[in-house]
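Each chain, written out:
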Amino acid sequence: MPELWKRLLPDWAHPDHPILQYELAQRRLGGSRWKSALQLFLLGLLLGGGGYLYARATSIDAGVENLADFLWRCLYFPSLLIQTATVLAGLAFGMGSVAADRSRQTWDSLRVTEFGAGMTLRARWAGILYRLRAPIIALLLTRLLLGFGMTVNLTAFGGGYLRVLSNSILDASSGLWIALPMVVLLMTVQTLLPLVTVGAAGAFGILISVAVKQGLFAITIQLVLSFTIVAAVAGGLFAVTSALGGGLTASDELLFLLFLGYSGFADGGMLLTNLGSLGAVWKMLPQGAYLSIGLPLILALEAFSIDGCLGLAIRLSEQGE
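Once a new chain begins, its residue numbering starts again from 1 and follows that chain's sequence as written. Whole-chain, interface and lining totals are the exception, using all residues; otherwise, since this is a predicted model, local features are given only for residues with pLDDT of at least 70 and side-chain atom pairs are given and counted only at 80 or more. Each side-chain value is worked out from all heavy atoms of the structure, with water and hydrogens disregarded.

A. Fine view of the nonpolar core. Of all hydrophobic cores here, the largest spans 63 residues; its most connected members are Y76, F259, Y262, L278, W282 and L295. Each helix is a run of H or I in the DSSP string that is no shorter than four residues. Each strand is a run of E no shorter than two, and both are numbered from the N terminus. Breaking this core down by element, the ones donating at least two residues are α4 (67-95), α7 (116-131), α8 (133-155), α10 (172-211), α11 (215-244), α12 (252-266), α13 (275-284) and α14 (291-318). Among the elements that make up this core, the one with the highest residue count is α10 (16 residues). A contact between two residues is defined here by any heavy atoms of the two lying within 4.5 Å. Once residues lying within four places of it in the same chain are set aside, the contact partners of Y262 are Y76, L80, V233, G236, L237, V240, D267, G268 and L271. Only buried residues count toward a nonpolar core. Its members are Ala, Val, Leu, Ile, Met, Phe, Trp, Tyr and Cys residues joined through side-chain atoms within 4.5 Å. Only protein chains enter the area calculation, which uses a 1.4 Å probe; residues under 20% of their type maximum are buried, those over 50% are exposed, and those in between are partly exposed.

Pasting the structure below:
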């Protein structure tokens, strides 16, 4: 198995690569495993405590709805908060990846080493994910829990929930064969989207750190981007909530783009991991089921953007200051 991973992973991602070992060693302060475990524990408390407070504030009654729906309602907003904060942290870590070397005047000598800027920047991108491993794990575990709850709902009552959901697409006989793979694809994508989104934010931050040499200008860009991300998440949440409540009037095409953009770039498809909200979207939009196809395309776009940002950053670094 280790040999298979070595063949699949690029050279810079091998655990025994000297550049990657050096970058990770920079992050491995004393007791880092215990610190990561403590961070994960605190994030778990934040998710659980935030969900409990939200349930109390909004008077969500666990006895009225099934357990999966209850968990989704409680965990949605705390998870969205942690995910947005993690994306902002990935952007900030990426934008600070070269600034320290420039301030120490070691960036030029680092670029002309045996491995050059390419290996260094890619290893630093991996280091960003390593530094954010605690919130990433918390987000992935939450997504797996919500996906498991959705699976339980799908299999309940002999697949009755899925039959009701399939009526939003086509007639009950043929719609069932479309609804099931759409839901399975959706559950897979929503698990991967947070990780890829954080990685894309880190890669974009690295590109800016290489391209922008003035510290004050870089800080201004970071503040503008951070405000834009928060505004997009908050504005998207308000828009999709209004649309589901009937308070937003727009064409089907615009609503489809709204839900696709929000699910792909803001909440990572978490809105659609509940059969109630998923069914509402499918019932409201004739093409709502195709969100399960659009989200994998966004996932692929973000994955390609990671490689593109890192590749462009490497080319800019090799051109010199």
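B. Geometry of the packing of aromatic side chains. Two aromatic rings from Phe, Tyr or Trp, using only the six-membered ring of Trp, form a pair when their centres are within 6.5 Å; if the ring planes differ by under 30 degrees the pair is stacked, by over 60 it is edge-to-face, and anything between is tilted. Across all of its chains, the model carries two aromatic pairs by this definition. Plain terms: the ring middles of W72 and Y76 are 5.3 Å apart, the flat faces sit at 45° to each other, and that makes the pair tilted. Remark: Y76 and W72 occur in helix α4; sequence separation between them is four residues, near one turn of the helix. Considering the side-chain rings of Y76 and F77, the 5.3 Å spacing of their centres and the 90° angle between planes classify their relative orientation as edge-to-face.

C. Region of interest: the environment of V233. Mapping V233 onto the fold places it in helix α11. On the accessibility criterion, V233 (11% relative accessible area) is buried. Each C-alpha atom of the pair V233 and Y262 lies 7.5 Å from the other, and the pair is 29 residues apart in sequence. Not counting the four nearest positions on each side in its chain, V233 is found in contact with L80, T84, Y262 and A266.

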